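# Coordinate analysis (summary)
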Amino acid sequence: MISRLLLLTYLGCVAGLHGTPPASLSGRGVVAARGQPQRLRSRPVVAKAGISKLRSKLVGVGSCAPPTRVTNVDLEDLVDTTDEWIAQRTGIRSRHLLAPGETMSELGSKAAERALEMAGVAAEDVDLVIFATSSADDLFGDAANVAKLVGATNAVAFDLTAACSGFLFGINTASQFLHNGAYKTALVIGGDALSRWVDWNDRSTCVLFGDGAGAVVLKAAATDDEAGILGWEMHSNGAGRKDLNLCYSGEPRELGDVATVTSGTYDTIAMNGMDVYKFATTKVPKVLKEALAQADMTADDIDWVVMHQANIRIMETVAKKLGVSMDKVIHNLDEYGNTSAGSIPLALDEAVRSGKIKKGDTLAIAGFGAGLSWGACVIRWGGEPL
Ligand code: UT7
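Quantities reported herein were computed from a predicted structural model and do not represent experimental measurements.

### A look at the overall build of the protein chain
Helix and strand content of the protein chain: eleven helices and 18 strands. Here the protein chain holds 386 residues, and 51% of them are scored as buried. Intrachain contacts of the protein chain at a sequence separation of at least 6 include 76% that bridge at least 24 residues.

Structural data, given as structure tokens:
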């Protein structure tokens, strides 16, 4: 009964989004209703824990980075590094850092206000706010505070922690609520201030990260709407935590004779750069292909690739493995470095506002990072540039 329901939901969704006759399932693959055999999917559609096409469209984007800008040359005074090493190995030339008194909530809310303005959506019409961050001002979560700051007084708000994959996981999560009809409008913010958590004496990590936030407004899409999430996929593997983590570190504290607990804070970021590099260049092309397959597309159908801005060499390798020209890969890590959950919307915002990405363009978006976690979605951009 459940699998029958899933099948019906999927078929209705496919027919609705593309206005094409629903496909019928045959064996492990999909055969078109018109009798035209289609290429087999990489795996059966109904076996996915959900549905691949979501009636949820991205209609506005905004971003915010703190004004303090630190160049590679500035870092030469701090650790044993050079502008040349950082630029050649990563593509990063500068990063923006939160100053004392500046907060993640402020960065997130400014990005959100800009996204709402572009979308032409009033803050009080937002039903759901998701703040993807691993460096919140408040360990209990910043999303409710961000919702308050932007005036999203009718929204439910919660944080989502998935490191550099957080924004991607956030839009896929919000889109489920929009697709199933629970909510009409959502705000997904991704942002991090990893300057709070890097070891500023460790040249292998401190040169990589910067602070920033970006946000998108998502609206429930009509069944005949061209814009939407056309395919998506997410993964995680806790066995990879050893390669990238920011772990709690508490000292034992005795509570009289009653119990011993721990009190403390978090360590600094620990990363096995080479293994994370290998993970990213292996898993990201694969998950992009999975999301494209869910969308019944190939890399040739993509107008733009927007992926987590960790290293330009990772982007070049992913583009090569996908068979996509670097001209189609949006990147701005030279200016901002790796802003973790902020990096995808920061890059997206710049590309939309510069007029590169236009309404109706097909975007393949990929996030990856600690967890380990990785995921992708294929979307048709639904917003106009301002
Ligand atoms: O957002 C989360 C996901 N994170 C990532 O995707 C990061 C993925 N990893 C990477 O991007 C790269 O592995 C790094 C940029 C982190 C490192 O680049 P690499 O080419 O893998 O360098 P390496 O770690 O193999 O180090 C090569 C050399 C070492 O020296 P020796 O042992 O060859 O003498 C390092 O000590 O470079 C040295 N090194 C540096 N030298 C100057 C490491 N960091 C620096 C530095 N400046 N900042």
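Following the structure, the description resumes.
### Notes on the sheet that holds strand E9 (residues 211-220)
The strand order across the open sheet formed by five strands is E3-E9-E8-E6-E7, and the pairing between neighbours is mixed. What marks the edges here is a single partner per strand, and that holds for strand E3 (56-64) and strand E7 (156-160). Across this sheet, the average inter-strand angle for adjacent strands is 20°, counted without regard to direction. Bridge count for strand E6 (residues 128-132) against E7 is five bridges, and the pairing is parallel. Residue Ile-130 lies in a different strand from E7, and its bridge partner there is Phe-158. Strand contacts of helix H4 (residues 104-119): E3, E6, strand E8 (185-193) and E9, with the helix running at about 130° to E3, the strand carrying the most contacts.

### Notes on the packing of helix H8 (residues 273-294) against helix H9 (residues 312-322)
In the contact formed by H8 and H9, the axes pass within 9 Å of each other and the chain directions differ by 40°. For the element pair H8 and H9, the recorded crossing hand is right-handed. Seen from H8, the contacting residues are Tyr-277, Ala-280, Thr-281, Val-284, Pro-285 and Leu-288; seen from H9, they are Ile-314, Thr-317, Val-318, Lys-321 and Leu-322. For the contact of H8 with H9, the per-class residue count stands at eight nonpolar, two polar and one charged.

### Section: unusual backbone geometry
Between Gly-371 and the following residue, Leu-372, the backbone shows a cis peptide bond with an omega angle of -5°. Structurally, Leu-372 is set in the loop between strand E17 (362-369) and strand E18 (373-380). Non-glycine residue Ala-163 carries a positive phi angle of around 50°. With respect to the helices, strands and loops of the structure, Ala-163 is situated in the loop between E7 and helix H6 (166-179). Ala-163 gets classed as buried once you count the C-beta atoms within 10 Å, which come to 25. Phi angles above zero are rare outside glycine, and Asp-296 is one such case at about 55°. One can find Asp-296 in the loop between H8 and strand E15 (304-307).

### Quick look at the site of the ligand
What surrounds the ligand is a group of 19 residues, the closest being Thr-81, Gly-273, Tyr-277, Ala-310 and Asn-311. When residues of the shell around the ligand are traced back to their parent elements, those giving at least two are helix H3 (83-90), helix H7 (203-206) and H8. A total of five residues in the shell around the ligand trace back to one element, the largest contributor, which is H8. Tallied by class, residues from the shell around the ligand come to ten nonpolar, seven polar and two charged.

### Quick look at the packing of H4 against helix H5 (residues 143-150)
At their nearest, the axes of H4 and H5 sit 9 Å apart, and the two run at 50° to each other. Compared by their axis directions, H4 and H5 come out oblique. The element H4 and its partner H5 pack so that their crossing is right-handed. Here Ser-105, Gly-108, Ser-109, Ala-112, Glu-113 and Leu-116 of H4 come into contact with H5, specifically with Asn-145, Val-146, Leu-149 and Val-150. Its residues assigned to classes, the contact of H4 with H5 shows five nonpolar, four polar and one charged.

### Examining H6
Counted at 1.5 Å a residue, the expected span for H6 with its 14 residues is 20 Å, and the 20 Å between its end C-alpha atoms agrees. Across the 14 residues that make up H6, a large majority, twelve, are buried. Residues Gly-166, Phe-167, Leu-168, Phe-169, Gly-170, Ile-171, Asn-172, Ala-174, Ser-175, Phe-177, Leu-178 and His-179 constitute the buried set of H6. Looking one or two residues beyond H6, the residue adopting positive phi is Gly-181, at roughly 90°.

### Description of the sheet that holds strand E10 (residues 228-236)
Within the open sheet, the five strands sit side by side as E10-E18-E17-E15-E16. Their pairing is mixed. Each edge of the open sheet carries a strand with a single partner, namely E10 and strand E16 (329-330). Two strands pair when backbone bridges link them, and E10 and E18 are joined in this way by eight bridges, in the antiparallel orientation. Looking at E18, one finds that Met-234 is bridged to Gly-375.

### A few points about the pairing of E15
Burial along E15 is two-sided: Trp-304 and Val-306 and Val-305 and Met-307, pointing in opposite directions, are all buried. Between the parallel pair E15 and E16, the chain is carried across by H9, and the sense of this crossover is right-handed.

### Quick look at the nonpolar core
With 118 residues, the main nonpolar core has Ala-115, Val-129, Ala-186, Leu-187, Val-188 and Ala-364 as its most contacted residues. Once you skip the residues sitting within four places of it in the chain, Ala-186 turns out to touch Val-126, Asp-127, Leu-128, Ile-130, Ala-174, Phe-177, Leu-178 and Leu-218.

### Some details on H5
Inspection of H5 places Ala-143, Asn-145, Val-146, Ala-147 and Val-150 among the buried residues, and these make up the whole buried set. Where H5 is buried, its residues meet H4, E6, E7 and E8. Looking one or two places after H5, you find Gly-151, whose phi comes out positive at around 85°.

### Side note on the environment of Leu-363
Considering the arrangement of structural elements, one finds Leu-363 in strand E17. Between the C-alpha atom of Leu-363 and that of Arg-380, which follows or precedes it by 17 residues, the distance is 6.2 Å. The residues contacting Leu-363, other than those within four sequence positions of it, are Asp-303, Trp-304, Val-306, Ile-357, Ile-379 and Trp-381.

Here is what the cut-offs are and how they apply
- Residues numbered from 1 in each chain as written.
- Predicted model: local features only at pLDDT ≥ 70, side-chain atom pairs only at ≥ 80, totals over all residues.
- Helix = DSSP H or I, 4+ residues; strand = E, 2+ residues; numbered from the N terminus.
- Buried ≥ 20, exposed ≤ 12 C-beta atoms within 10 Å, placed from the backbone.
- Contact = placed C-beta atoms within 7 Å.
- Pairing = 2+ DSSP bridges.
- Axes fitted to C-alpha atoms, helices over the stretch in contact; angles between N-to-C directions.
- Left-handed = near helix turned anticlockwise from the far one by under 90°.
- Nonpolar A, V, L, I, M, F, W, Y, C, P; charged D, E, K, R; others polar.
- Near = placed C-beta within 6 Å.
- Parallel < 35°, antiparallel > 145°, perpendicular 65-115°, else oblique.
- Expected span 1.5 Å × (residues − 1).
- Right-handed = clockwise from strand over helix to strand, strands pointing away.
- Core = buried A, V, L, I, M, F, W, Y, C linked by C-beta atoms within 7 Å.

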